[in-house]
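Each chain, letter by letter, is given below.
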Amino acid sequence: MNRIFLALFSLSLTSQICSAQEEKKISIEALGGISLPVGSAANDLTTGYNVLLGGGRNFTPSIAAFIEFQYDHFGLTTSTLKANNQPAGFGRFWTFSVSPRYYFHRNHKLGGYVTAGAGLYAREIAFTDPSQIQTYCDPYYGHGCQSSSAPIVASNIIYKPGFGAGGGLTYSPFANRFKLAIDVRYNHYLSSTDNSFVTAAFGFLY
């Protein structure tokens, strides 16, 4: 009787685990790294950084679709600042996109994926005045000093469609769904001038 009970318990536990695994339809990602302007965009922008956040649905073990938010921040080249008679500034992009994804060896320790997507890109070029930076200190002890950022004196934001494509490598250090990831992508903001950049980011998928 004990053996029958143990066998039934094991079967029930196994079925519950399999059911839980089947219900794992949602994935999330969080990555960050460097952003490199390419083509003529390198004439206006300098190397910057990026943050990529997303969530998606797994349709099969190999196919998923993500909704992603990406933020890219760049500096402005000296020639661009001189052309606009400004001392400092920056360029940045906000991106919301839908990106299908295909995984290779997703359930293995080492895997990878390819992805491509399109969405709405917001591009801002802003000029700042570093001479207006202010420093605030503790009035009694002089400790805990903090400096404000350079105020924006002029900026322009334009919204356009854009697309991106790339892929990544994944590594599972534990026996679960948590994966470390390296992601590389090409991004293009559709406009009359070339606004293309490549991102390389490191983070995790779950």
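Residues numbered from 1 in each chain as written. Predicted model: local features only at pLDDT ≥ 70, side-chain atom pairs only at ≥ 80, totals over all residues. Heavy atoms only, no water.

## Digging into the confidence of the model for the protein chain
In the predicted model, the protein chain carries a mean pLDDT of 86, and the fraction of residues at 70 or more is 83%. Counted against residues more than four places away or in other chains, residues 1-23, with its pLDDT under 50, gives zero contacts. (pLDDT = per-residue confidence, 0-100. Contact = heavy atoms within 4.5 Å.)

## Considerations on empty space enclosed by the protein
Gaps left between atoms are located by rolling a probe of water-molecule size over the structure's atoms. Under the defined criterion, the tally for this structure stands at two cavities of 30 Å³ or more. Residue lining of the largest cavity: 19 residues in total, with Glu68, Ser97, Ser99, Arg185 and Asn187 positioned closest to the centre. Where the lining of the largest cavity is concerned, the elements lending two or more residues are strand E3 (63-75), strand E4 (88-104), strand E5 (110-128), strand E8 (152-171) and strand E9 (179-189). By volume, the second largest cavity is sized at about 30 Å³. Surrounding the second largest cavity, Asn50, Leu52, Gln70, Asp183, Arg185, Thr199 and Ala201 form its lining. For the lining of the second largest cavity, the secondary-structure elements that each account for two or more residues are strand E2 (48-58), E9 and strand E10 (195-205). Looking at side-chain class alone, the lining of the second largest cavity contains two nonpolar, three polar and two charged residues. (1 Å grid on protein atoms, 1.4 Å probe; cavity = no way out; pocket = protein on both sides within 12 Å on 5 of 7 lines; lining within 4 Å. Points joined across faces, edges and corners; volume = space filled by probe spheres on them. Helix = DSSP H or I, 4+ residues; strand = E, 2+ residues; numbered from the N terminus. Nonpolar A, V, L, I, M, F, W, Y, C, P; charged D, E, K, R; others polar.)

## Observations regarding the nonpolar core
Leu45, Phe74, Leu76, Leu81, Phe93, Tyr121, Ile125, Phe127, Tyr189 and Phe197 together form the largest nonpolar core, which totals ten residues. Broken down by element, the residue count for this core peaks at three residues, all from E5. Core analysis: the second largest hydrophobic core is formed by nine residues, Leu52, Phe66, Ala181 and Leu205 among them. (Core = buried A, V, L, I, M, F, W, Y, C linked by side-chain atoms within 4.5 Å. Buried < 20%, exposed > 50% of the residue type's maximum accessible area, 1.4 Å probe, protein only.)

## Section: the packing of aromatic side chains
Taken as a whole and judged by the stated rule, the model has twelve aromatic pairs. Ring geometry for Tyr71 against Trp94: centres 6.1 Å apart, planes inclined by 50°, an arrangement best described as tilted. Residue Tyr71 is located in strand E3, and its partner Trp94 is located in strand E4; the two are separated by 23 residues in the primary sequence. Ring geometry for Phe93 against Phe197: centres 5.0 Å apart, planes inclined by 40°, an arrangement best described as tilted. Placement of Phe93 in strand E4 and of Phe197 in strand E10 is noted, with a sequence separation of 104 residues between them. The two residues Phe93 and Phe197 agree in class, both being buried. Taken together, the ring pairs in this structure connect Phe74, Phe93, Tyr121, Tyr189 and Phe197 into an aromatic cluster. (Phe/Tyr/Trp six-rings, centres within 6.5 Å; stacked < 30°, edge-to-face > 60°.)

## Section: unusual backbone geometry
Its identity is not glycine, yet Asn85 carries a phi of approximately 55°, on the positive side. Within the fold, Asn85 resides in the loop between helix H2 (78-83) and E4. Given the relative accessible area of 68%, Asn85 is considered exposed.

## Topic: the side chain of Ser97
Among the secondary structure elements, Ser97 is positioned in strand E4. Discounting residues that sit within four places of it in the chain, Ser97 has contacts with Phe66, Ile67, Glu68, Ala118 and Gly119.

## Re the environment of Asn58
Mapping Asn58 onto the fold places it in strand E2. Note: C-alpha distance between Asn58 and Ser27 (31 residues apart in sequence) is 7.0 Å. Those residues in contact with Asn58, other than ones at most four positions away along the chain, are Lys24, Lys25, Ile26, Ser27, Ile63, Ala64, Arg106 and Arg177. A distance of 3.0 Å separates the side chain of Asn58 from the side chain of Ser27, its partner in a polar contact. A polar side-chain atom of Asn58 sits 2.8 Å from a polar atom in the side chain of Arg106. (Polar contact = N/O pair within 3.5 Å; in protein donor to acceptor, adjacent residues only side chain to side chain.)

## Digging into the pairing of E2
The side chains of a regular strand alternate, residue by residue, between the two faces of the sheet. Judged by which residues are buried, E2 turns out to be one-sided: Gly48, Asn50, Leu52, Gly54, Gly56 and Asn58 face inward and are buried, whereas Tyr49, Val51, Leu53, Gly55 and Arg57, on the alternate face, are not. Bridge count between strand E1 (residues 26-38) and E2: ten bridges; the pairing is antiparallel. Looking at E2, one finds that Gly32 is bridged to Val51. One ladder, built from ten bridges, connects E2 with E3; its direction is antiparallel. By the bridge assignment, Arg57 is partnered in E3 with Ala65. (Pairing = 2+ DSSP bridges.)

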